[in-house]
Amino acid sequence: MKIGFIGLGNMGGPMAANLVKAGHEVTGFDLSAPMPAGVAKAASAAAAAQGAEVVFTMLPNGAILRAVAVEVIPAMPKGAVLCDCSTVDVESARAVAEQAVAAGLAALDAPVSGGVGGATAGTLTFMVGGPDAAFATVQPLFDIMGQKAVHCGAAGAGQAAKICNNMILGVTMIATCEAFALADKLGLDRQKMFDVVSTSSGYSWTMNAYCPAPGVGPTSPADNDYKPGFAAELMLKDLRLSQQAAEAADADTPMGQLAAALYTTFVEAEDGRGKDFSAMLPRLAARHRG
Ligand code: NAD
């Protein structure tokens with residue numbers, strides 16, 4: 001397939017590289033990131049999109065996505081698919097999809113989970129919103145870049161699934177960390193705490209697969225001085241998107257709201273920026289009841 005790829009940073013770079021390795025013809029554009037081997041460099045986003053059957057975007061946020069879409073949509077051939085893999089607000093995803101449809105294109109919102117490791121290994125999970133036909137067109141490409149693509153519904157459904165998942169993740173990480181901090185103060189050994197909780201009703205992905213306590217459970221960023229992994233500021237971005245969506249949809253999400261507030265303090269007023277989001281454990285363990 002002839003593919004345009006806009007935004008070749010930490011995630012987009014390895015994703016585009018995997019498409020090239022699978023034999024697709026990829027033309028890329030990025031304001032600063034270098035092109036991976038085999039990706040032709042275009043002079044603009046519009047030039048990368050010209051003649052492409054599918055254009056992927058992998059950009060920092062919804063405002064940038066909207067700006068890039070304005071450039072790219074008129075350059076794409078009718079019937080082509082614009083597939084955004086960034087994590088953005090649901091409203092931006094829906095607005096871009098509407099513009100694409102009005103221009104005779106199809107659009108998908110297809111945010112991912114799996115991080116840079118998953119992008120490099122081609123094991124991402126895609127959560128996809130948009131029409132069946134466009135999903136069918138892009139599915140073989142999802143299969144190259146990922147291990148699973150779930151068609152979640154109409155435009156915006158992919159972003160909705162992503163932020164709901166990550167709201168659970170943020171809340172659960174804090175719950176796991178504060179339980180370890182309490183266990184410490186009760187004199188309970190962290191390994192014993194893991195042995196019990198990981199096989200009891202308090203288990204979760206954050207405890208069992210990504211344990212925030214160093215030296216406990218499978219290897220995780222906690223074992224590497226909390227080097228990300230999934231950085232606290234990216235967790236904060238997703239929690240804020242969940243709260244923006246909750247406000248727009250009039251949904252009561254008190255735990256998500258509190259998680260967003262705690263990660264805001266950690267990233268903006270303390271030393272959380274640049275650390276893995278599981279570094280909430282040393283933060284909480286060092287604190288006293290307020
Ligand atoms: P990144 O900052 O490494 O990459 C974004 C790229 O977009 C950069 O190279 C930047 O130069 C480029 N860019 C910005 N504006 C542009 C424009 N107008 N035209 C062309 N290129 C432009 O970020 P990333 O880590 O690759 O993340 C990309 C998206 O994926 C984000 O929405 C993020 O939330 C999401 N995401 C990231 C991870 C992760 O672990 N890094 C995991 C899941 C989802």
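Conventions and cut-offs
- Residue indices begin from 1 for each chain and proceed along its sequence in written order.
- For a predicted model such as this one, the threshold for reporting local features is a pLDDT of at least 70, and the threshold for listing and counting side-chain atom pairs is 80 or more; totals across whole chains, interfaces and linings nevertheless cover every residue.
- The side-chain values count all of the structure's non-hydrogen atoms but skip hydrogen atoms and water molecules.
- Where each domain begins and ends is defined by an automated method or by a domain database.
- Contact criterion: two residues are considered in contact whenever any of their non-hydrogen atoms come within 4.5 Å of each other.
- The buried area of a pairing is the accessible area, by a 1.4 Å probe, that goes missing from both parts when the two are put together, added over both.
- The salt bridge criterion pairs a side-chain nitrogen of Lys or Arg with a carboxyl oxygen of Asp or Glu, the two atoms within 4 Å.
- The term polar contact refers here to a pair of N or O atoms within 3.5 Å; inside protein, the definition further demands a hydrogen-donor-capable atom paired with an acceptor-capable atom, and it admits residues adjacent in sequence only when both atoms are side-chain atoms.
- We define proximity as follows: a residue is near a molecule or strand when any one of its heavy atoms falls within 4 Å of that partner.
- Secondary structure elements are taken from DSSP: a helix is a run of H or I of four residues or more, a strand is a run of E of two residues or more, and numbering for both begins at the N terminus.
- Under the convention adopted here, Pro, Cys and the residues Ala, Val, Leu, Ile, Met, Phe, Trp and Tyr are nonpolar, Asp, Glu, Lys and Arg are charged, and Gly plus all remaining residues are polar.

Visitor: I'd like a description of the domain arrangement of the protein, backed by residues and values.
Guide: By domain assignment, the protein separates into domain 1 (2-153) and domain 2 (160-286). For domain 1 versus domain 2, the distance between C-alpha centres works out to 29 Å. In this assembly, 12 residues from domain 1 lie in contact with 9 residues from domain 2. Both faces considered, domain 1 and domain 2 share a buried interface measuring about 770 Å² in area, 65% of it formed by carbon and sulfur atoms. Counting every contact that joins domain 1 to domain 2 gives 0 salt bridges. The interface formed by domain 1 and domain 2 contains 3 residue pairs in polar contact (both at pLDDT 80 or more).

Visitor: Describe the site of the ligand, listing the residues and the values that go with them.
Guide: In the vicinity of the ligand lie 22 residues, with Asn10, Met11, Asp30, Leu59 and Lys237 positioned nearest. The side chain of Lys237 places a nitrogen or oxygen atom 2.8 Å from an oxygen atom of the ligand. Only α3 (62-72) and α10 (232-249) provide two or more residues apiece to the shell around the ligand. Looking at side-chain class alone, the shell around the ligand contains 12 nonpolar, 7 polar and 3 charged residues.

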